[in-house]
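Next come the chains, spelled out residue by residue.
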Amino acid sequence: MPEIGGSDLFVLEFGDILHYYSPYTLTLFLLALIFTGLAILSRPEGQVDIAFGGDAYYAKETAVSEMRFRRFMTIACGLATMGAMGSGDIFNFTLFASLVGITNVGIVAAVKSRHVLDAAYEYGIVAMVATLPLFGGAALILATTGTLSIPALAAGAIAVPPVGKALLALGVIGEGMAPFYAAKAEMFRAPGAPYVIMCSLSSLLIFLRVVEIAITI
Amino acid sequence: MLGEFLHILAAATISWILFVTVDILFRLPEAGGVSGASAVARDIEAGGGALAGGTMMGNIVCSPDASAGTLLAACGVYVAGIPGGLAAALMVFIGNRICHDPGYAGTTGAVLATFVVYAFTQVGFAATDFIAGMVIAILTIQGLSHTHASRLLARLWRIRQ
Amino acid sequence: MIVALQVAFGLVALLGAVSTALTRDSYGKVISLGILVAGIVPFIVDRGYLDVAITVSLIAPVVTIFVLMAVRRAEA
Amino acid sequence: MIEYLVFAAAFGLLLLGLHRKVIARVQMRPGPPVWQEILHALKFSFKSTWIPKTASAALYVGVVLVGIGIWSAALFIVLAGESILILFAIYMLHKVVEHGFGLSSGSPYGKFGGVRSVISAASEIPLFVTIAAIYLFTGSLLLRDITAYQAVHGPFLLIAPPVAIAMYLVILSKLPYGPFSIVESKELVSGYKTEHFGVWRAGISVIDGLKTFVLLYAFVAIFVGAVPFWAALVIMAVILVSLSFVCAITPMLSPFDSVTIQGLITGLMLAYVGYLWWVMP
Amino acid sequence: MNAVFVLGLAILVIGVLSVAFVRPKTYVARLINLEIPAWGLLLVMLAYDEALALLTFVAVTAISTFVIVRLMEWRDASC
Amino acid sequence: MIPDYSIGLLVAFASAGVAFFALMRETDGLHRLLLTDLIEVVTLAFIALVGTDLAEALILPGLVVGVSELIALSEIYRVKEGYVRPPAAGLRIEVMESAPGILAAILVVYGIVLSGFSGGAVAGLGVIFYFLCRDHSERFELIETASGYSWVFWIVAFFVFMLLPQYWFFAVMLAGSAILVKVLAKMSLIGTMRGGPNA
Amino acid sequence: MLIITRISRFVSNFQNLVALFAGACIIISLAGILSLPLGFEEQQLYPKTLDPASSLYPYDRGGVPFGTTEVVVQYPENSPYAGYVTAYLTPLSQYLADHTHYLGTTIVAHPGGIIDEILYNTRGLDTVVETSILFAAFAIASYLYRREAK
Amino acid sequence: MIALYLVAAIAVFAAIRVVIERNTGRKLPYANVMNFAVAGTLVLLLDHPLSLVAAAAYFVGSTLEANAVASTYAGGVKR
């Protein structure tokens, strides 16, 4: 197994699905943990808006039920991200990635603003459509190599078709990443910083992870 | 080969008589059991058929009637003899309830057909002959010419009246 | 299954699929969908999955009723 | 350990001061003194400090600590010769930290700074292309393996110049006053930094210093190879001056144009790596 | 390459084309056409003897049809 | 036993291309939702082509992911478009009075026999069908709570498998029934989410 | 410069996001078609063995109830009881298996079969995540629904 | 065996008739013939008591479907 993220620190076994942590993935895991902790601890900020036509400004307040729901989604998203960081199985990783996608949608969908909801819907469509490259890539890799375990794929001299990797990467991008940030930027305008920030963090983290996977296998 | 063919034709005739009789006795051409049956009847009439015959055809479409009973009873006899036929009758009964059919034409037809088919299997017919025969029989009613079939059924219905 | 039967029911299924795709009328589509199912169920039975065939043929009308709700709305 | 951190932060801030000075001189202004950024950091440390009423308190404070934490980690990773993948991951996560700064206060200026920082995520993608290209050559991503490879084959700057250019652009997009610095554009006051003052602002200064130092040092380590420490510092300063010239003479792009250009660069880099992958045995 | 597999693929392709380029471009037409690729996929699963997956797939397709129909009902009630 | 994989893959890729092409051209929200459903089907085709027991075990999660995202998205769409007036009963036909009782009973009983996901989906469909055709006034929160607890039970079962494998039998039973209840509850709630008094 | 501005205008509108992603997927699909044929690896995990004569068809994987069955898993050492579930039949499924021949799917779907083995035991984490996805999606839907209903 | 061929042929014939018929109300009787034929085929294909259940389920299901289509076509129940 090529050491691109440092050597394995420890391995967790769940039957056929391994979770392993190298310095690289452990770093990402810890970050997800820290931000989840921050989301639990902090209350949402009061977003200041300027009332046009005067000097007045006011701070938006987030309703308690909305806050609780979004915090729940954020925690779920954090957990999913942590899972995706350690997962040593491609299909399991794709599932975690979809969980990240759906919770990201959930975090912003609770906002009562037509504009934000529009963006959330568009992003939700992408997140849902992205399951094709994700699962398709995983299935392609399974069919051509006969295994889904990342350590096994990395160890053996098995050729993983580049299309499989590309599908996987595209899928993760669809679940929430860079060139597709245009819609997410709309989502980020939503109030509730601790929760919104988890959207960007989780999509960055799963993207970082898929880069590692694509290079490793 | 030819013998089997003749058997099927004979079975078709027998099932035809059986299910048409039972259906007419149970007053199927009188009125549509559900609104769908009336709609089918209306369309058949619009195509040049007779309303009473169309109603009966609509009722056949919309709920398992004696023809379905005959078919399933033949199937039942084919797989399991008399108990199979009675089980088929039970299923037709359930089907009638599912399809919002107030009558008992299907169940009666199935029970009758069970014994008829069983009797004929004792004299050299195979139950499969009755399955194919019943399909042919329904084909003559529902599948060849709606106009003529509905007029024929309407004529039979007038006799019953 | 015998080749001739495979051809026959394959034809039925294909016919159903094509006519569902091409028919413009919603009711026509739904009926054609019924033909498609009629072509497929014999294949399931032929493989010996009777339990699957029973369930599939019971679920098919449920789907149709769902679809009909939408059809009714659309034309009303 | 701590002395490395202090040195790196101070040297990074010095480089940033140099940056401002060079830009000012190119634009024929006198400019601030070179140690202005260090003075800033010290000044803010002694100013009064509290948390705005609208802010989300834990996040508001937490991101500062997280920012310092990740860049300290990055420094030690570079110094210890660990995987550059971690380094670049931290670099990308800096985005999230900026976002946190911007959003946590509730101020509209900070919010827009944070949103822009998120939009410009495309600037990081060339990094991964860089990583992939390097991996094609060395078969490893540990910094010590990369320096060892360069000791044998010569610096990467000469082996694969386009990759070096890509990384150069990435550093450029992180420097203030550059064409891609949409996050700190003047219509946003101070961008995501607007609402952090006092000790928090001093923390941001430390983060900036560390960031500049780590990125330039990593550039030297990856593309030039093993050189004595003083030589590395000199090369870093030279690179920075060249960057300052670029910053001084280019206008700032509009946010989405900046993203598009970065995306196009990524596309070119992908093509280059595809070509490398094709020709490599 | 058995017949069920080929038939399934053919129906899948017909279905995908018919949903993608649906002729009367209405929601209902697309909803009905959506069933065609589902049945094609069912045949593909049948070709690989994935009976349990097939069974679940049919049920879940029905549920997702219902979800969409329900959405269309709300839409009609409010418009 | 395995038909030619590459041909299947060709068809799957071509279908994916066509589906995405349609999605690219489409601008209407609801049409897009319908096309995502199509893409779910193509996704499953990719997995089904592998053709092992594992593939089958992967189809089930794929299915559940697809339908759950569809549920969430449809609800977001509804809220976003502001469709707030609950629909009145639209379709009134005779079979909707007679069929639900029997069909739903068959489906639910069969679903309970199946257990697991498949059972949950089948039984859930039966319950949806019943609620669709009949008036309903059940306790929304109660079902949700049941579903939440059964989810916890499944997690417990999973850890029994991993930590105390010798009690696998207990775990299988727990997992099978917990998932049944969970999926059943979720699906039946969809049936009740149609507006009305106690919803 | 003009072309860049046009691209940025396209990208900046989030209504075009789906189109953008779909375009990327089309490109990858074409790449996939071009990279055909791909070889199918015959050495698969959990392979199928079909025995039409068995009453558990198509899920008969052999083995003895409460005993071992050969199941090809990735890490046999991590699931010492792999294969036990496969051969297990509850009284109901035993009855069905004894009396009929065509109910294999029902019997195996009933707790204790190869799919349960994979879903709950060796790849149980998949199922955990997957139920969580359902949970999360449903939480979103019901939250939105109930907020509107109030 | 000849019965099986005959039934299958009738199924194909009926399917073609359904497709070429334009009027919805007159399509249904043809579909009914096809359902009869398919239900018969199911039993003839597999001689087992359960296939009787399968045939009955299929038949009842398709009849229910036809009923629903026809009733909706008629405009449902007037109250």
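### A word on the overall build of chain F
Item 1. The secondary structure content of chain F amounts to 7 helices and 0 strands.
Item 2. Traced from its N-terminal end to its C-terminal end, chain F shows the element sequence α-α-α-α-α-α-α.
Item 3. Put simply, chain F has 199 residues, and 71% of those count as buried.

### Observations concerning the nonpolar core
Item 1. Ranked by internal contacts, the top residues of the largest apolar core, which has 474 residues, are Phe35 of chain A, Leu41 of chain E together with Phe20 of chain F.
Item 2. The element best represented in this core is helix H4 (residues 51-78) of chain E, accounting for 18 residues.
Item 3. Taken domain by domain, this core gets at least three of its residues from each of domain 1 (4-81) and domain 2 (94-190) of chain F.
Item 4. Contact partners of Leu41 of chain E, with chain neighbours within four places excluded, come to Leu12 and Phe57 of chain E together with Val41, Leu44, Ala45 and Ala48 of chain F.

### A closer look at helix H5 (residues 108-119) of chain D
All names here are of chain D.
Item 1. In this model, H5 (12 residues) spans 16 Å end to end at C-alpha, consistent with the 16 Å of a helix rising 1.5 Å per residue.
Item 2. Within H5, 10 of the 12 residues are buried, which leaves it mostly tucked inside the rest of the structure.
Item 3. Listed as buried for H5 are Pro108, Gly110, Lys111, Gly113, Gly114, Val115, Arg116, Ser117, Val118 and Ile119.

### Description of the interface of chain F and chain G
Item 1. Of the residues lining the interface, 73 residues belong to chain F; the matching set on chain G comes to 64 residues.
Item 2. In total, chain F and chain G occlude about 6200 Å² of area from one another, counting both sides; carbon and sulfur atoms represent 76% of this.
Item 3. Together, Phe13, Asp53 and Trp168 of chain F form the three largest contributors to the area buried by chain F at its contact with chain G, with a combined 11%.
Item 4. The interface formed by chain F and chain G holds 3 salt bridges in total.
Item 5. A salt bridge links Glu56 of chain F to Lys48 of chain G, with the shortest nitrogen-to-oxygen separation between them at 3.2 Å.
Item 6. At the surface where chain F touches chain G, the tally comes to 10 residue pairs in polar contact (both at pLDDT 80 or more).
Item 7. Elements with a contribution of two residues or more to the side of chain F that touches chain G: helix H1 (5-25), helix H3 (53-81), helix H4 (95-114), helix H5 (116-133), helix H6 (140-163) and helix H7 (168-192) of chain F.
Item 8. Ranked by the residues each element gives to the side of chain F that touches chain G, the list is headed by H3 of chain F, at 17 residues.
Item 9. Here the residues of the side of chain F that touches chain G sort into 50 nonpolar, 12 polar and 11 charged.

### Quick notes on the interface of chain C and chain H
Item 1. Between chain C and chain H, the contact holds 34 residues from the first and 35 residues from the second.
Item 2. Taken as a group, Tyr27, Ile31 and Leu50 of chain C account for 19% of the area that chain C buries against chain H, more than any other trio of residues on that side.
Item 3. Here chain C is connected to chain H by 0 salt bridges.
Item 4. At the junction of chain C and chain H, the tally comes to 2 residue pairs in polar contact (both at pLDDT 80 or more).

### A closer look at the domain arrangement of chain F
Item 1. When cut into domains, chain F gives domain 1 (4-81) and domain 2 (94-190).
Item 2. Relative to domain 2 of chain F, the C-alpha centre of domain 1 of chain F lies at a distance of 24 Å.

### Section: unusual backbone geometry
Item 1. Positive phi is not limited to glycine here, since Met28 of chain D has a value of about 60°.
Item 2. Structurally, Met28 of chain D can be placed in the loop between helix H1 (2-26) and helix H2 (36-45).
Item 3. We classify Met28 of chain D as exposed; its relative accessible area is 77%.
Item 4. We note that Ser115 of chain F has phi near 60°; this positive angle belongs to a residue other than glycine.
Item 5. One can find Ser115 of chain F in the loop between H4 and H5.
Item 6. Note on Ser115 of chain F: relative accessible area 7%, which makes it buried.

### Some thoughts on the pairing of strand E1 (residues 10-14) of chain A
Residues and elements named next belong to chain A.
Item 1. Relative to strand E2 (residues 17-21), E1 runs antiparallel, the two being bridged by 5 bridges. If you follow Phe14 over to E2, its bridge partner there is Ile17.
Item 2. Connecting E1 to the antiparallel partner E2 that follows it, the hairpin turn spans 2 residues, and Gly15 within it adopts a positive phi of roughly 60°.

### Details of the packing of aromatic side chains
Item 1. The full count for this structure, using the stated rule, is 28 aromatic pairs over all chains.
Item 2. Each ring, one from Trp74 of chain E and one from Tyr145 of chain G, has its centre 6.4 Å from the other, and the planes form 90°; the classification is edge-to-face. In this pair, Trp74 of chain E is assigned in helix H4 and Tyr145 of chain G in helix H6 (residues 124-149), connecting two distinct chains.
Item 3. The exposure class assigned to Trp74 of chain E is buried, which follows from its relative accessible area of 3%.
Item 4. Owing to a relative accessible area of 3%, Tyr145 of chain G belongs among the buried residues under this scheme.
Item 5. With centroids separated by 5.2 Å and ring planes inclined at 80°, the aromatic side chains of Phe13 of chain F and Phe46 of chain F adopt a geometry described as edge-to-face. Placement of the pair is Phe13 of chain F in helix H1 and Phe46 of chain F in helix H2 (residues 29-48), with a sequence separation of 33 residues.
Item 6. Judged by its relative accessible area of 1%, Phe13 of chain F falls in the buried class.
Item 7. Under the relative-accessibility criterion, Phe46 of chain F is labelled buried at 1%.
Item 8. Among the aromatic side chains, those forming a connected cluster through ring pairs are Phe7, Phe11, Phe213, Tyr217 and Phe229 of chain D.

### Re the side chain of His19 of chain D
All names here are of chain D.
Item 1. Structurally, His19 can be placed in helix H1.
Item 2. For His19, a relative accessible area of 0% gives the class buried.
Item 3. Of the polar contacts made by the side chain of His19, one reaches the backbone oxygen of Pro176; its length is 2.9 Å.
Item 4. Setting aside residues up to four positions removed in sequence, His19 forms contacts with Leu175, Pro176, Tyr177, Leu240, Ser244 and Cys247.

### What to know about the arrangement of the chains
Item 1. The highest contact count of any of the 15 pairs of chains in contact belongs to chains F and G.
Item 2. With no contact between them, chain D and chain H keep their nearest C-alpha atoms 51 Å apart.
Item 3. With no contact formed, the shortest span from any C-alpha in chain E to any C-alpha in chain H equals 13 Å.

### Describing the side chain of Lys211 of chain D
Item 1. Here Lys211 of chain D is to be found in helix H10 (residues 199-223).
Item 2. Setting aside residues no more than four positions away along its own chain, Lys211 of chain D makes contact with Trp71, His94 and Lys174 of chain D.

### Description of the pattern of salt bridges
Item 1. Going through the model one piece at a time under the given rule, you end up with 21 salt bridges over all chains.
Item 2. In this structure, Asp53 of chain F engages Lys48 of chain G in a salt bridge whose closest nitrogen and oxygen atoms are separated by 3.4 Å. A residue pair is termed interchain when its members come from two chains, as with Asp53 of chain F in helix H3 and Lys48 of chain G in the loop between helix H2 (17-34) and helix H3 (91-99). An identical accessibility class is assigned to Asp53 of chain F and Lys48 of chain G; each is buried.
Item 3. For Arg61 of chain G, the salt bridge goes to Asp53 of chain F, with nearest N and O atoms at 2.6 Å. Here Arg61 of chain G is found in the loop between H2 and H3, whereas its partner Asp53 of chain F is found in helix H3 on a different chain.
Item 4. Given a relative accessible area of 12%, Arg61 of chain G falls into the buried group.
Item 5. Exposure remark for Asp53 of chain F: the relative accessible area of 0% places this residue in the buried category.
Item 6. Each of Arg114 and Asp118 of chain A together with Lys80 and Glu81 of chain F takes part in salt bridges that share partners, so that together they form one network.

Reading guide: rules and limits
Residues numbered from 1 in each chain as written. Chains lettered and ligands numbered in written order. Predicted model: local features only at pLDDT ≥ 70, side-chain atom pairs only at ≥ 80, totals over all residues. Heavy atoms only, no water. Helix = DSSP H or I, 4+ residues; strand = E, 2+ residues; numbered from the N terminus. Buried < 20%, exposed > 50% of the residue type's maximum accessible area, 1.4 Å probe, protein only. Core = buried A, V, L, I, M, F, W, Y, C linked by side-chain atoms within 4.5 Å. Domains from an automatic or database assignment. Contact = heavy atoms within 4.5 Å. Expected span 1.5 Å × (residues − 1). Buried area = accessible area lost by both parts, 1.4 Å probe. Salt bridge = Lys/Arg side-chain N within 4 Å of Asp/Glu carboxyl O. Polar contact = N/O pair within 3.5 Å; in protein donor to acceptor, adjacent residues only side chain to side chain. Nonpolar A, V, L, I, M, F, W, Y, C, P; charged D, E, K, R; others polar. Pairing = 2+ DSSP bridges. Phe/Tyr/Trp six-rings, centres within 6.5 Å; stacked < 30°, edge-to-face > 60°.

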